[in-house]
Amino acid sequence: MTVRTERLKIVHPARPGPVKLYDEKWQGCESGKMVCVTPDDARKSVENKIAVGRWMTKMNGLVTYYEKQTADPEPLPAKK
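Residues numbered from 1 in each chain as written. Predicted model: local features only at pLDDT ≥ 70, side-chain atom pairs only at ≥ 80, totals over all residues. Heavy atoms only, no water.

(A) Representation of the pattern of salt bridges within the structure. This structure, assessed with the given rule, holds two salt bridges. A salt bridge links Asp40 to Arg43; the shortest N-O distance between them is 4.0 Å. One end of the pair is Asp40 and the other is Arg43, both in helix H1 (residues 39-70) and three residues apart, which spans about a single turn. We classify Arg43 as partly exposed; its relative accessible area is 42%. With a shortest N-O distance of 2.9 Å, Glu47 and Arg43 are connected by a salt bridge. On the criterion of helical spacing, the pair formed by Glu47 and Arg43 is a turn pair, its members being four residues apart in helix H1. Counted as one network, the salt bridges with shared partners bring together Asp40, Arg43 and Glu47. (Salt bridge = Lys/Arg side-chain N within 4 Å of Asp/Glu carboxyl O. Helix = DSSP H or I, 4+ residues; strand = E, 2+ residues; numbered from the N terminus. Buried < 20%, exposed > 50% of the residue type's maximum accessible area, 1.4 Å probe, protein only.)

Rendered as structure tokens:
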């Protein structure tokens, strides 16, 4: 049996890339009493929210990973 003496390479998770958001074009309608968007812009708005939510989920996973890596070990129970 052979024993490997080389060190293992630790691979950390990558940071999520930037989110490309679409510019929504809000328009005034009904004599300026309301603000409206076209159906395509409404769809883009929903896609923006989904993309930001996905990015936040990935970042939360990354933060949790590093919190676990840097956490102090559990203290030993006190002897009575």
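(B) The side chain of Asp41, seen in detail. With respect to the secondary-structure elements, Asp41 resides in helix H1. No salt bridge forms around the buried Asp41; measuring N to O, its nearest opposite-charge neighbour Lys44 is 4.4 Å away. In contact with Asp41, not counting residues within four places along its chain, are Asp23, Glu24 and Lys25. (Lys, Arg positive; Asp, Glu negative; His and termini not counted. Contact = heavy atoms within 4.5 Å.)

(C) Representation of the state of the cysteines. Here the structure, examined in full by the defined rule, presents one disulfide. Across the disulfide, Cys29 is cross-linked to Cys36 (sulfur-sulfur distance 1.8 Å). For Cys36, a relative accessible area of 25% corresponds to the partly exposed category. (Disulfide = S-S within 2.5 Å.)

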